[in-house]
Amino acid sequence: MTSLQLLWFILIGVLFSGFFFLEGFDFGVGMLIKSFARNDAERDVVIRTIGPHWDGNEVWLITAGGAMFASFPMWYATLFSGFYLVLFLILACLIFRGVSFEFRANMQTERWKTFWEWAGTIGSGCAAFLFGMLFTAMIKGMPIDKNGDMTAHFTDYVNLFSIVGGVAVTVLCLVHGLNFIRLKTSGELRDRARAWNKILYPVLFAGEVVFAILLFFSTDFFAKKPMSTTLIVLFLVVVTALAYWGVLGNHEWLSFVGSGLSLISVVVLIFNGLFPRVMVANNPAYSLLIKNSSNSPYTLHLMTILTFSILPIVLIYFIWSYWVFYKRLASPKQNA
Amino acid sequence: MINLGLDILGLARFQFGMTTVFHFFFVPFSIGLAFVVAVMETMYAVKGDKDYKKMAQFWGKMFLYSFAVGVVTGIIQEFQFGMNWSEYSRFMGDIFGAPLAIEALAAFFMESTFIGMWMFTWDRFNKWVHVLFIWLVMFGSSLSALWILAANSFMQNPLGYIINKQTGHVQMTDFGAIVGNPQLWNEFPHVIFGAFVTAAFVIAGCSAWRLLKKEHVTFYRKSMQVALVIGLIFSLGSIASGDTQMRYLLNNQPMKVGAMEGLYKNSTEKGEWTAIAGFDTKAHKTTWSVDIPYVLNLLSYHKLTGTVTGMNQANKELHAKYDKKYGNDINYYVPTKTLFWSFRIMSGASALFALLAIVGLIFNRKKSQAIVKQKWFLYIMGLCLWLPFIVNTCGWFITEFGRYPWVVYGLLTIADAVSPNVSVASLLTSNIVYFLMFAGMGVVMVVLCHRTLKAGPDAENTDGYSASDVDIDPYSKGAFNHD
């Protein structure tokens, strides 16, 4: 394994971390459109919190996918063709939720408004769940053949472990979204988000514990890397606890950073456990490795130069755009 | 299972075609609208005329709808390579991934960030800063077109690579050659100009329908004026860039040119151009045709002499070149009728666009009321708003069907590129669902645009929720305070 290959393995992890940190609260906010927001005016505000950002957040996924193609095409090819149905459903969800915000705002009848609200809610929730399921199934080990082609059956990706993984990620996104709403709104919505998180965090803890136990039995993570895996799982629990403490003591930034770090530590957990592989095969001989799945040194070198010259500029205006929309949004006045 | 005669390859090809065509309804429309809206807002910034601001906001609404659909269908495009074409991804990863990643990094972030800024900050920034946002969106989206076309150009004309002896995959040796690919610099202006024409004629067409109703006459006349000026410049531009591209293809992909011009046999010195014709594609023969002498040479070489290679000879040359490696049972004939008629629709429509723009500009002179009185013209303009979408599709039909049987010209056939591990059932399901979703989104798009148009430029903006209603002073209840 060359240092460039290692760098790109880490970079893919960084991009997915960015994606889950950012799109995590997007998904969370999306899920809340129907239940948390109680009327049209509240929904306007809730959607408006992510209005200027969701599109840019989704670009992190597109970049992660593109970067995977540009650095580890074997990984990209195996993962994307192998998880065909899961990715297809994810795409359907992303499409529905993606257009739902714009379409909802322009619908005139109640029925169609409601339709696009549900599209946003279900799309966001299912996308989060499916991503969790995909990554959990991926680390469990999949039937991959010599050519790197994966032919998974239904139970390979739908099983207890992957469903728990999916639910855990969904709940994580949900609390992350609520923490984001606490930061971005004032008044009724801000208080309600905190009240909801008071209930949801114990659920999340339970989910994390079950997930950690199943991780022990379903993957080789604890067997192969006992130290680092245990540390990351502990870190996950600690940051979740800190975020919960932020909910109880009303420290909004602490909660938001905490739930964001929880999502990131899930990604770190996965990438740490994968290393030095990129895809885990049931037959260890066929696992895809960092060293033989990557592009040529020339391409990796080129991509490194380009990425490190473009990404800093992107980060500057990306962060600036959040700064521009720094103001809190007031909860609508309760007339009735 | 019932055998419907469906196979992975056919379904994967259909899916690629369907998603690309649908995606490419919205891509040129968005790029073009970003440009036209940017021009309108710049005119507002320069002249201070509020009408132009209203125009930018009004047509900007359609831009936002189109952008949303373009984004979500674009994700399918990126994932599709891995999902349906895993062998292609493995073979081409070293070359193809790079432009795709740069596209996301350099272009998508810029587009998506600044579109959010543009949408929600009409009252917050100085007008010059605000107009900069839409130009950055426009710049970002053109940049994304550049990178994806760089990837496409390699598929049409591979340069700057070697074949890795161990893996048999392509390996990049010269990034400069990939970016400098002449195919790219022929394709890119043509695509961008086409995008500007698309938006221009949609705006002109929409305005025409409203002018027929005599609504907001000043507003729509001004919109029409901006659209037609842009439409005229860039329809001429796309004809010129199409011409250079055609002449480039003469040497590069003679099979494609042969099919576009309906030539099975080499053309004679007289340069007879086939205006319309019927083909027997099985026997590789033209059954009947209407020919005009010398035009073919004028089009191809800008002079009266010369000959153009026909498909039969191109076929022989391809067999001579590739039979050793791929065997002699590959069919190198491309779908002749599709290319021939697509080319005629595309070039005919481009000429029509230029003509309509000229006539429209004459009718729409400042002091004349002609444009409101010439109802026949407004009807034609109104109907023509659909034409750019057909034309764009025709353009891609020519480029992509004309690549047959290659996915990467001379290096990889379409049949070898498909994912071997994806089932027919999966592909069929995704095809059906995508089709239904696209149909649904298409309908919603048309309904939304129609409604926006009917509501007119004075309608309240529902997108930005006029930021002042909901924002509160950040400093009175700072985000760091806990109540």
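Quick caveat, the model's predicted, so the values are computed rather than measured.

Draft legend 1. Region of the structure containing the overall build of chain B. A tally of regular secondary structure across chain B gives 16 helices and six strands. Reported as C-alpha extents along the three principal axes, the dimensions of chain B are approximately 75 × 65 × 50 Å. Buried positions account for 49% of the 483 residues belonging to chain B. Of all intrachain contacts in chain B linking residues separated by at least 6 positions in sequence, the fraction that spans at least 24 positions is 77%.

Draft legend 2. Just the environment of Asp291(B), in detail. Residue and element names in this part refer to chain B. Take aspartate 291: it is sitting in strand 4 (residues 285-292). For the pair formed by aspartate 291 and leucine 149, sequence separation is 142 residues and the distance between their alpha carbons is 34 Å. In this structure, aspartate 291 is in contact with Glu272, Trp273 and Thr274, ignoring residues within four places of it in sequence.

Draft legend 3. The arrangement of the pairing of strand 3 (residues 273-280) of chain B in detail. Residue and element names in this part refer to chain B. Relative to strand 4, strand 3 runs antiparallel, the two being bridged by seven bridges. In the sheet register, isoleucine 276 faces strand 4, and the bridge partner there is valine 290. Hairpin connection between strand 3 and strand 4: a loop of four residues separates the two successive antiparallel strands, and histidine 284 in this loop has a positive phi of roughly 55°.

Draft legend 4. Representation of the nonpolar core within the structure. Residues and elements named next belong to chain B. Ranked by size, the top nonpolar core spans 274 residues in total, and within it Val36, Trp59 and Ala200 carry the most contacts. The biggest single contributor to this core is helix 3 (residues 86-120), with 22 residues. Each of domain 1 (8-252 + 335-466) and domain 2 (254-333) contributes no fewer than three residues to this core. In contact with alanine 200, other than residues within four places in its own chain, are Gly32, Val36, Ala227, Ile230, Gly231 and Phe234.

Draft legend 5. View of the UniProt feature "transmembrane region" (unreviewed entry) in chain A. Residues and elements named next belong to chain A. Mapped onto this numbering, the UniProt entry annotates "transmembrane region" (unreviewed entry) at residues 6-33, 83-103, 115-137, 157-178, 199-217, 229-248, 260-280 and 300-325. Between the end C-alpha atoms of residues 6-33 there is a gap of 41 Å, over a span that is 100% helix and 0% strand. Split by type, residues 199-217 is 100% helix and 0% strand. Its first and last C-alpha atoms lie 29 Å apart.

Draft legend 6. Here's a closer look at the domain arrangement of chain B. All names here are of chain B. Taken as a whole, chain B is organised into domain 1 (8-252 + 335-466) and domain 2 (254-333). Its C-alpha centre places domain 1 at a distance of 30 Å from the equivalent point of domain 2. Of all the elements in the fold, those that place two or more residues in the side of domain 1 that touches domain 2 are helix 7 (217-252) and helix 11 (336-363). For the side of domain 1 that touches domain 2, the element with the most residues is helix 11, which contributes five residues. In terms of residue class, the side of domain 1 that touches domain 2 is built from eight nonpolar, four polar and two charged.

Draft legend 7. Local environment of helix 3 of chain B. Residues and elements named next belong to chain B. Across its 35 residues, helix 3 extends only 40 Å between first and last C-alpha, which sits more than 12% below the 51 Å expected from 1.5 Å per residue. Where helix 3 bends most, at glycine 93, the angle is about 90°. With respect to burial, helix 3 is a largely interior element, 35 of its 35 residues being buried.

Draft legend 8. Up close: the interface of chain A and chain B. In this complex, chain A contributes 68 residues to the contact, which on the side of chain B involves 63 residues. When residues of the side of chain A that touches chain B are traced back to their parent elements, those giving at least two are helix 2 (40-50), helix 3 (54-71), helix 4 (73-82), helix 5 (84-105), helix 14 (297-324) and strand 4 (329-330) of chain A. Here the residues of the side of chain A that touches chain B are counted per class, giving 40 nonpolar, 20 polar and eight charged.

Draft legend 9. Structural view of helix 1 (residues 8-47) of chain B. Residues and elements named next belong to chain B. The end-to-end C-alpha distance of helix 1, which contains 40 residues, comes to 58 Å, matching closely the 58 Å that a straight helix rising 1.5 Å per residue would cover. Approximately 25° is the largest bend angle found in helix 1, and it occurs at phenylalanine 24, with the proline proline 28 only one to four residues beyond. Remark: glycine 48 follows helix 1 within two positions and exhibits a positive phi of approximately 75°.

Draft legend 10. Just the confidence of the model for chain B, in detail. Residues and elements named next belong to chain B. This prediction gives chain B a mean pLDDT of 90; 94% of its residues lie at or above 70. Taking the mean pLDDT of every element in chain B, the minimum, 86, falls on helix 12 (residues 370-373) and the maximum, 96, on helix 6 (residues 182-212). Segment residues 464-483: pLDDT under 50, and 32 contacts once partners within four positions in sequence are set aside and those in other chains are kept. Predicted complex metrics record ipTM = 0.90 and pTM = 0.91.

Calculation notes
Residues numbered from 1 in each chain as written. Chains lettered and ligands numbered in written order. Predicted model: local features only at pLDDT ≥ 70, side-chain atom pairs only at ≥ 80, totals over all residues. Helix = DSSP H or I, 4+ residues; strand = E, 2+ residues; numbered from the N terminus. Buried ≥ 20, exposed ≤ 12 C-beta atoms within 10 Å, placed from the backbone. Contact = placed C-beta atoms within 7 Å. Pairing = 2+ DSSP bridges. Core = buried A, V, L, I, M, F, W, Y, C linked by C-beta atoms within 7 Å. Domains from an automatic or database assignment. UniProt positions renumbered as here; feature names shortened; annotations may be inferred. Nonpolar A, V, L, I, M, F, W, Y, C, P; charged D, E, K, R; others polar. Expected span 1.5 Å × (residues − 1). Bend = angle between axes of the 7 residues up to and from the residue. pLDDT = per-residue confidence, 0-100.

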